[in-house]
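# Architecture at a glance
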Amino acid sequence: MPGLIRGVARTAVVAGTATAVSNRVSRRQQGRWAAQQGYEAPSPQPGYQQAYQPEPPAAPAAPDMTGRIEQLKQLGELKDQGVLTEAEFEEQKRTILGS
């Protein structure tokens with residue numbers, strides 16, 4: 001009889017550990033998917049400690065100011081050469097700066 005109880009106890013421990021690991025892996029994967037898609041991960045169930053904290057989505061990259069500065073320089077040169085009027089220069093400048 002003691003061998004039977006020991007076998008049942010071992011099975012219960014293995015099953016409990018497997019369930020805990022499976023739940024943790026599921027929560028971690030949901031967090032990763034949510035982070036990739038920009039959604040907030042669902043909060044864990046009460047009493048559970050969430051081991052994985054997903055990183056917030058990366059901030060959008062800063063606009064390429066080097067390219068814009070070059071365009072503005074070329075635009076200024078065209079204005080200085082008389083190719084563009086002041087109004088055309090201002091309109092193109094607003095277009096480049098996106099305002």
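As a starting point, this report considers the structure included with it. Since the structure is predicted, the reported quantities are computational estimates derived from the model, not experimental observations. (Residues numbered from 1 in each chain as written. Predicted model: local features only at pLDDT ≥ 70, side-chain atom pairs only at ≥ 80, totals over all residues. Heavy atoms only, no water.)

Broken down by element type, the protein carries three helices and zero strands. Along the protein, from the amino end to the carboxyl end, the secondary structure elements read α-α-α. Put simply, the protein has 99 residues, and 10% of those count as buried. Summarising the internal contacts of the protein: among those between residues at least 6 apart in sequence, 24% fall at separations of at least 24. When the accessible surface of the protein is totalled, it reaches about 8,300 Å², and 56% of it is carbon and sulfur. (Helix = DSSP H or I, 4+ residues; strand = E, 2+ residues; numbered from the N terminus. Buried < 20%, exposed > 50% of the residue type's maximum accessible area, 1.4 Å probe, protein only. Contact = heavy atoms within 4.5 Å. Areas by Shrake-Rupley, 256 points an atom, 1.4 Å probe, with all protein chains shown as cover.)

Our next topic: the packing of aromatic side chains. Within this structure, the stated rule accounts for zero aromatic pairs. Here Lys 79 stacks its cationic end above the ring of Phe 89, 4.8 Å away from the centre of that ring. (Phe/Tyr/Trp six-rings, centres within 6.5 Å; stacked < 30°, edge-to-face > 60°. Lys NZ or Arg CZ within 6 Å of the ring centre and 35° of its normal.)

Over its 17 residues, helix α2 (residues 65-81) runs 24 Å from end to end, which matches the ideal 24 Å to within 8%, given 1.5 Å per residue. Taken from the residues just after α2, Gly 82 is the one with a positive phi, measuring 90°. (Expected span 1.5 Å × (residues − 1).)

Turning our attention to helix α3 (residues 86-97). Compared with the 16 Å implied by 1.5 Å per residue over 12 residues, the 16 Å span of α3 between its first and last C-alpha is a close match. At the exit of α3 stands Gly 98, carrying a positive phi of roughly 70°.

Our focus in this paragraph is the pattern of salt bridges. In total, this model carries three salt bridges according to the counting rule given. A salt bridge links Lys 73 to Glu 70, with the shortest nitrogen-to-oxygen separation between them at 4.0 Å. Here Lys 73 pairs with Glu 70, and both are found in helix α2, just three residues apart, close to one helical turn. With relative accessibility at 41%, the residue Glu 70 sits in the partly exposed group. Among the salt bridges present, the one from Glu 90 reaches Lys 93, with a minimum N-O distance of 3.6 Å. (Salt bridge = Lys/Arg side-chain N within 4 Å of Asp/Glu carboxyl O.)

Turning next to the environment of Lys 79. Along the chain, Lys 79 turns up in helix α2. In sequence terms Lys 79 and Phe 89 are 10 residues apart; their C-alpha atoms lie 6.6 Å from each other. Leaving out residues up to four positions away in the same chain, Lys 79 has contacts with Leu 84, Glu 86 and Phe 89.

Here Leu 97 lies in helix α3. Taking relative accessible area as the criterion, Leu 97 reaches 37% and is therefore assigned partly exposed. In this structure, Leu 97 is in contact with Arg 68 and Leu 72, ignoring residues within four places of it in sequence.

Just geometry here; none of it tells us what the structure is for.
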